[in-house]
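# Inside the fold
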Amino acid sequence: MTLARRVGVASPASAVRAWPVWGIGRWLVILVVSVTALDAIAIGAAARTAASVHPEQLAVFVALLACSALTVEMTRRAGENAGLTKDVFAAWELPIAILLPPFYAMVAPILRIILTQLRVVRIPVHRRVFTAAALGLSYGSASLVFRSVSRIALMHQPGDGIHTLVWILTVAACGLVQWAVNHGLVLLAIKGSDLTASVRTMLLAREQVHNDVTELCVAVLVTLGIATNPFSIAFAAPFVTLLQRSSRHAQLVNDTRLDSKTRLLNAATWEREAGAEVTRATRTSTPLAVALIDIDNFKSVNDTYGHLAGDRALRAISSTIKIFLREYDLVGRFGGEEFSLLLPQTGVQDARRVAERIRAHIAETPIEVADKAGSETISLTVSIGVAALSTTGSQLTELLATADAALYRAKHSGRNQVWVTTDTASFNSCVDSGG
């Protein structure tokens, strides 16, 4: 018996098997490994061009890395949000991709990600590795596209008049290539881990698009300035700092709308936006329905497995709910273990079918109580109360009161049921509903 085994130290093989990456699902593991390997191969292939860099270009590379490190330090002060975050590093890394060989474009994100892991917040290493690889491939793609175009059009550097305009547009197009490759790879990973993730919410929200366009414009101007005179880097730093603060403000504003545990709308935001939808539906005489969902016997989960398992169950159920909703439906955490839905353009029969599908899917889907692969699972059920906008009731408060009464009936009739209240009746959806 070796000393390592006698003192209880894990063997190298056991340590590898304990890596968190193996618990993210086979498809995601394949994606992470494939993207990382492809980035490593691309870096190796581009390494032979690194020696051809002139001292002036190397000085530009070091200066841009220093600016990127300074931006990381500013992120450290403000903290890094979980999930898909918006940053401004393209302002420093796109110039590297355009003005220097591809090798430097692919290495720069790796150095920055390492610094972020060490200085800002430590997260599972496989996430950082995948992010660095996706960024490396995206900037490498932008670099290759620019070199292909400039080789044909003889636009290695900006010139005068129309030549400069074409050069700027080419750099902007390469920036769009970088954005598309990076976000495409990241979205593959996000959708692989959460099929309910909304591309529209993550990428196409007005504030997000505005920040992306602004970041691209700043990156193009920084690239133009450095290509003209490298000392312009010093004057670009304040503008990037301002852009970073603007992006951080947008993230904070968005966070105030969301529940921290489930990332659904919080109660105040849901009520505000749902109230506007009810007013619109009343004015246009269009159908609308509201549903309240309550997890049955949820207290026993917290008492038996702890609050972390309870939070995991809340997230699992919120993800299940989103599977059956459309982009314009509103779902929020109404409080505790209760969720609220608003379904525009939906009559009582369709709302009943949606609620029944949600109830059935939750009842049939086991939930793991821990992040570890192979951990114990639990089964939960929900009770749902549904109310539809009537010709007499035109206020959100009336709809919520009606849905709450239907939820009360579902709870006190045995749970794991959907009850629907209309102008004339209250009934269980499992009875005479066909759905």
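Before going into details, it helps to say that this report is about the structure given with it. (Residues numbered from 1 in each chain as written. Predicted model: local features only at pLDDT ≥ 70, side-chain atom pairs only at ≥ 80, totals over all residues. Heavy atoms only, no water.)

Secondary structure assignment for the chain yields 16 helices and eight strands. Counting all 435 residues of the chain, 44% fall into the buried class. Long-range contacts, defined here as pairs at least 24 residues apart, represent 71% of the contacts in the chain between residues at least 6 apart. Of the roughly 22500 Å² that the chain leaves accessible, carbon and sulfur atoms contribute 62%. (Helix = DSSP H or I, 4+ residues; strand = E, 2+ residues; numbered from the N terminus. Buried < 20%, exposed > 50% of the residue type's maximum accessible area, 1.4 Å probe, protein only. Contact = heavy atoms within 4.5 Å. Areas by Shrake-Rupley, 256 points an atom, 1.4 Å probe, with all protein chains shown as cover.)

With that out of the way, let us pick up the nonpolar core. Counting 44 residues, the largest nonpolar core has Trp92, Ile96, Ile98 and Tyr104 as the members making the most contacts within it. Going through the elements one at a time, helix H3 (26–46), helix H4 (55–78), helix H5 (90–99), helix H6 (102–119), helix H7 (125–153), helix H8 (162–193), helix H10 (206–228) and helix H11 (233–255) are the ones with two or more residues in this core. When residues of this core are assigned to their parent elements, the largest contribution, eight residues, is made by H5. With residues up to four places along the chain from it excluded, the contact list for Trp92 reads Leu64, Cys67, Ser68, Thr71, Val222, Ile233, Ala236, Ala237 and Val240. Membership of the second largest hydrophobic core comes to 31 residues, among which are Ala309, Ala351, Ala355 and Val369. (Core = buried A, V, L, I, M, F, W, Y, C linked by side-chain atoms within 4.5 Å.)

Next up on the list: the packing of aromatic side chains. In this description, a pair of aromatic rings is defined by centroid distance and the angle of the planes. The full count for this structure, using the stated rule, is four aromatic pairs. Consider the rings of Phe146 and Trp167, whose centres lie 6.1 Å apart with planes at 85°: the pair is edge-to-face. Taken as a pair, Phe146 in helix H7 and Trp167 in helix H8 lie far apart in primary sequence, 21 residues in all. Among the residues examined, Phe146 registers a relative accessible area of 2% and is labelled buried. By relative accessible area, which is 0% here, Trp167 ends up buried. Relative to Phe334, the ring of Trp270 has its centre 5.8 Å away and its plane inclined at 80°; by these criteria the two rings are edge-to-face. (Phe/Tyr/Trp six-rings, centres within 6.5 Å; stacked < 30°, edge-to-face > 60°.)

Right, let's talk about the packing of helix H13 (residues 298–305) against helix H14 (residues 307–323) for a bit. Orientation of H13 relative to H14, taken along the N-to-C sense of each, is 140°, at an axis distance of 6 Å. With respect to H14, the element H13 is oriented oblique. On H14, the residues that touch Phe298, Val301, Asn302 and Tyr305 of H13 are His307, Ala309, Gly310, Ala313 and Leu314. Of the residues belonging to the contact of H13 with H14, the class tally is six nonpolar, three polar and no charged. (Axes fitted to C-alpha atoms, helices over the stretch in contact; angles between N-to-C directions. Parallel < 35°, antiparallel > 145°, perpendicular 65-115°, else oblique. Nonpolar A, V, L, I, M, F, W, Y, C, P; charged D, E, K, R; others polar.)

Although it is not a glycine, Gln345 adopts a positive phi angle of roughly 55°. As for its placement among the helices and strands, Gln345 is situated in the loop between strand S3 (338–344) and helix H15 (348–364). Within the chain, Arg415 stands out as a residue other than glycine whose phi angle is a positive 65°.

Let us look at the environment of Leu380. Within the secondary structure layout, Leu380 lies in the loop between strand S5 (377–378) and strand S6 (382–388). With 16 residues separating them in the primary sequence, Leu380 and Glu364 have C-alpha atoms 8.5 Å apart. Apart from the residues lying within four places of it in its own chain, the contact partners of Leu380 are Ile295, Asp296, Val301, Ala313, Ile317, Ile362, Ala363 and Ile367.

What follows is about the pairing of strand S7 (residues 418–421). Neither face of S7 is exposed, since Val418 and Val420 on one face and Trp419 and Thr421 on the opposite face are all buried. Inspection of the sheet shows S6 paired to S7 by four bridges, in the parallel sense. Looking at S7, one finds that Gly385 is bridged to Trp419. (Pairing = 2+ DSSP bridges.)

A complete count under the given rule lists 12 salt bridges for this structure. In this structure, Arg112 and Glu93 form a salt bridge, with 2.9 Å as the shortest nitrogen-oxygen distance. With Arg112 in helix H6 and Glu93 in helix H5, this pair connects stretches of sequence that are 19 residues apart. The exposure classification of Arg112 matches that of Glu93, with both residues buried. It is possible to trace a salt-bridge network through shared partners that takes in Asp294, Asp296 and Lys411. (Salt bridge = Lys/Arg side-chain N within 4 Å of Asp/Glu carboxyl O.)

So, on to the pairing of strand S2 (residues 330–335). Across five bridges, the pairing between S2 and S3 is antiparallel. Bridge pairing in S3 links Gly332 to Ser340. In this structure, the hairpin formed by S2 and S3 is closed by a connection of two residues, where Gly336 is found at a positive phi of approximately 60°.

Let's shift gears to helix H16 (residues 396–411). The terminal C-alpha atoms of H16, which comprises 16 residues, lie 22 Å apart, in line with the 22 Å expected from a rise of 1.5 Å per residue. Three or more residues of H16 are buried, namely Leu396, Leu399, Leu400, Ala403, Ala406, Leu407, Ala410 and Lys411. Looking down the long axis of H16, one finds its buried residues gathered within 140° of arc, a one-sided arrangement. Exposed side chains of H16 directed beyond 90 degrees from the buried face belong to Thr397 and Tyr408. Those residues of H16 that are buried lie in contact with helix H12 (267–284), strand S1 (288–295), S2, S3, S6 and S7. (Expected span 1.5 Å × (residues − 1). Arc of directions from axis to C-beta.)

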